[in-house]
Amino acid sequence: FIQDFSKAMSQAGSSQFQEVIRQELEYSMKVELDKILATAHSNEIEHTKKDLEGFKKLFHRFLQEKGPSVDWGKIQRPPEDSIQPYEKIKARGLPDNIASVLNKLVVVKLNGGLGTSMGCKGPKSLIGVRNENTFLDLTVQQIEHLNKSYNTDVPLVLMNSFNTDDDTKKILQKYSHSRVKIYTFNQSRYPRINKETLLPIAKDVSYSGENTECWYPPGHGDIYASFYNSGLLDNLIAEGKEYIFVSNIDNLGATVDLYILNHLMNPPNGKRCEFVMEVTNKTRADVKGGTLTQYENKLRLVEIAQVPKAHVDEFKSVSKFKIFNTNNLWIALSAIKRLQEKNAIDMEIIVNPKTLDGGLNVIQLETAVGAAIKSFENSLGINVPRSRFLPVKTTSDLLLVMSNLYSLNAGSLTMSEKREFPTVPLVKLGSSFTKVQDYLRRFESIPDMLELDHLTVSGDVTFGKNVSLKGTVIIIANHGDRIDIPAGAVLENKIVSGNLRILDH
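From a predicted model like this one, the values you see are computed outputs, not experimental measurements.

The next thing to look at is the pairing of strand β14 (residues 323–332). For β14, the tally of buried residues reaches 10 of 10 residues, placing the bulk of the element in the interior. Here strand β10 (residues 243–248) runs beside β14; their pairing, made up of 4 bridges, is antiparallel. Bridge pairing links Tyr243 to Ala332 in β14. Pairing between strand β11 (residues 275–281) and β14: 7 bridges, direction antiparallel. When the bridges of β14 are listed, Glu278 appears paired with Asn328.

Have a look at this one:
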């Protein structure tokens, strides 16, 4: 329908006709949203109204936009000085008064996601990643270590979604004695819309039971409006805070970097950046990551979804677009407030199609936090080491961070000095390992991976204690077969297949 709709739009010579269709769709949407709002209890009306107003604005923009939102011909490589190498930032060293600089910082973690892709219920941040520590535990430990080391007061702010808020709040009591003030605010809750009719599938405001599929959190670009609406932004500015460091809670490399913070607070040319995006060099594994480009004289984040089909391969090329966005962002609080009050934060709409359990096709309209870079003044990219991008999206990632490749210190993971080369091995675990509980059952202990380059595991495979993997190891159990790697086995440059219970080592 959407494609036919836009085709009809472009062919209809009269913009009048297009306008009529748009107005009808907007009017129908308004009627439906008013019906939903009418079902809200008195204590829910205020925030439901804010959510639906925000959604209405997004829907209005969605109807205005035509096709991919970038004109490929206008995309240019960013100017040399707009993306600085991290080494140059680090070479400036640190001032004596680093504590006073740290006291201007707030750490914000995007905590809206569930652990469903890894077979877990509840917030992803509560999955155990290392020595029983969850993503949230490690985050709190990192900031507590900072506060103790420098005698500072850096707070942690969690942006929850309606999916993660209750569970997260229950767990926060655990940190009541830690030296970190923790605040939370909720991102918006928007209605999913039917792909055919472009109307909400929700009939009332409830989002439990059979209604859970009617609503969604609209991507992390929602941070600006919901942070502002929560009142927390103003409170932090009143406390003298100046910058937020925003990152995904599942990126274990996203720790507070004092050199970047110093560069922001004490810029070499005296002119402060309002927005810094950490980018890092693409490898073959990152070809889909969003990249920074120059577009109409502004730095602009271009995501794969915005690229016209004919140019997708070019976009994925590692030679033309060498870097991608890590989603570690440093943003001035005063700038967020100014732009939010002017309604001047412009982020491209991401149309995310979903099929619900019953087979109904819906779309959800989302935005990405980094896309706002073009709305801020004096934005900058910093090309950081790969170690600042260590996301855990799958159990293959989990195996890496649980292994002896990394050592844990005060909540931060660093590559072990015993590994001779700093690249991370490529690990591909098959579908038998997708869920965390299956994955944990298949490893009696995490193998020694210090000398591993590549691991592929497929089928019904289990690992005994103290297994060592080196070089390239491929283990494939065919359908109906099972492979048990015995305790103490050393596999170096081996392909194991068939139905093995024991093997030479």
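We are not done yet, so read on.
This part is about the nonpolar core. Ile223, Tyr224 and Phe463 are the most contacted members of the largest nonpolar core, which has 107 residues in total. With 6 residues, helix α6 (residues 135–150) is the single largest residue contributor to this core. Here this core gathers at least three residues from each of two domains, domain 1 (72–179 + 219–346 + 376–388) and domain 2 (395–497). With sequence-adjacent residues up to four places away left out, Phe463 is seen in contact with Phe433, Arg442, Phe443, Glu444, Pro447, Val457, Leu469, Ile475 and Ile485. With 27 residues, the next largest nonpolar core counts Leu25, Leu52, Phe59 and Phe62 among its residues.

Before going further, it helps to spend a moment on the pattern of salt bridges. For the coordinates displayed, the defined rule picks out 27 salt bridges. Ionic pairing is found between Arg22 and Glu19, a salt bridge with its closest N-O pair at 2.9 Å. Here Glu19 and Arg22 lie together in helix α2 (residues 15–37), a separation of 3 residues that amounts to about one turn. For Arg22, a relative accessible area of 7% gives the class buried. Looking at Glu19, the relative accessible area reads 30%, which means it is partly exposed. One connected set of salt bridges, linked through shared partners, spans Arg61, Arg300, Asp346, Glu348 and Lys374.

Let us look at the packing of α2 against helix α3 (residues 45–64). Axis separation between α2 and α3 bottoms out at 11 Å; the angle between their running directions is 165°. Considering their axes alone, α2 and α3 lie roughly antiparallel with respect to each other. By crossing handedness, the relation of α2 to α3 is classed as right-handed. Mapping the contact onto sequence places Arg22, Leu25, Glu26, Met29, Lys30, Leu33, Ile36 and Leu37 in α2 and Ile45, Thr48, Lys49, Leu52, Phe55, Lys56, Phe59, His60, Leu63 and Gln64 in α3. Taken together, the residues of the contact of α2 with α3 sort by class into 10 nonpolar, 3 polar and 5 charged.

Attention now goes to the sheet that holds strand β25 (residues 490–498). Read from one edge to the other, the open sheet built from 4 strands follows the order β20-β21-β23-β25, with strand pairing classed as parallel. Looking at strand neighbours, the two that pair on one side only are β20 (426–429) and β25, the edges of this open sheet. Adjacent strand axes in the sheet meet at a mean angle of 15° when their direction is disregarded. In terms of strand pairing, strand β23 (residues 468–477) meets β25 through 8 bridges, oriented parallel. In the strand pairing of β25, Ile474 is matched with Ile495. Packed on one face of the sheet, helix α13 (residues 395–402) meets β20 and β21 (448–458) and runs near 130° to β20.

One open sheet holds the 8 strands; their spatial order is β1-β17-β11-β14-β10-β2-β5-β6, and the pairing between them is mixed. The sheet is open, and its two borders are formed by β1 (83–85) and β6 (182–186), each paired with just one other strand. Along the sheet, successive strands turn relative to each other by an average axial angle of 25°, direction set aside. With respect to the sheet, helix α10 (residues 258–265) is in contact with β2 (105–111), β10, β11, β14 and β17 (380–383), its orientation differing from that of β14 by roughly 55°.

Conventions adopted
- Residues numbered from 1 in each chain as written.
- Predicted model: local features only at pLDDT ≥ 70, side-chain atom pairs only at ≥ 80, totals over all residues.
- Heavy atoms only, no water.
- Buried < 20%, exposed > 50% of the residue type's maximum accessible area, 1.4 Å probe, protein only.
- Helix = DSSP H or I, 4+ residues; strand = E, 2+ residues; numbered from the N terminus.
- Pairing = 2+ DSSP bridges.
- Core = buried A, V, L, I, M, F, W, Y, C linked by side-chain atoms within 4.5 Å.
- Domains from an automatic or database assignment.
- Contact = heavy atoms within 4.5 Å.
- Salt bridge = Lys/Arg side-chain N within 4 Å of Asp/Glu carboxyl O.
- Axes fitted to C-alpha atoms, helices over the stretch in contact; angles between N-to-C directions.
- Parallel < 35°, antiparallel > 145°, perpendicular 65-115°, else oblique.
- Left-handed = near helix turned anticlockwise from the far one by under 90°.
- Nonpolar A, V, L, I, M, F, W, Y, C, P; charged D, E, K, R; others polar.

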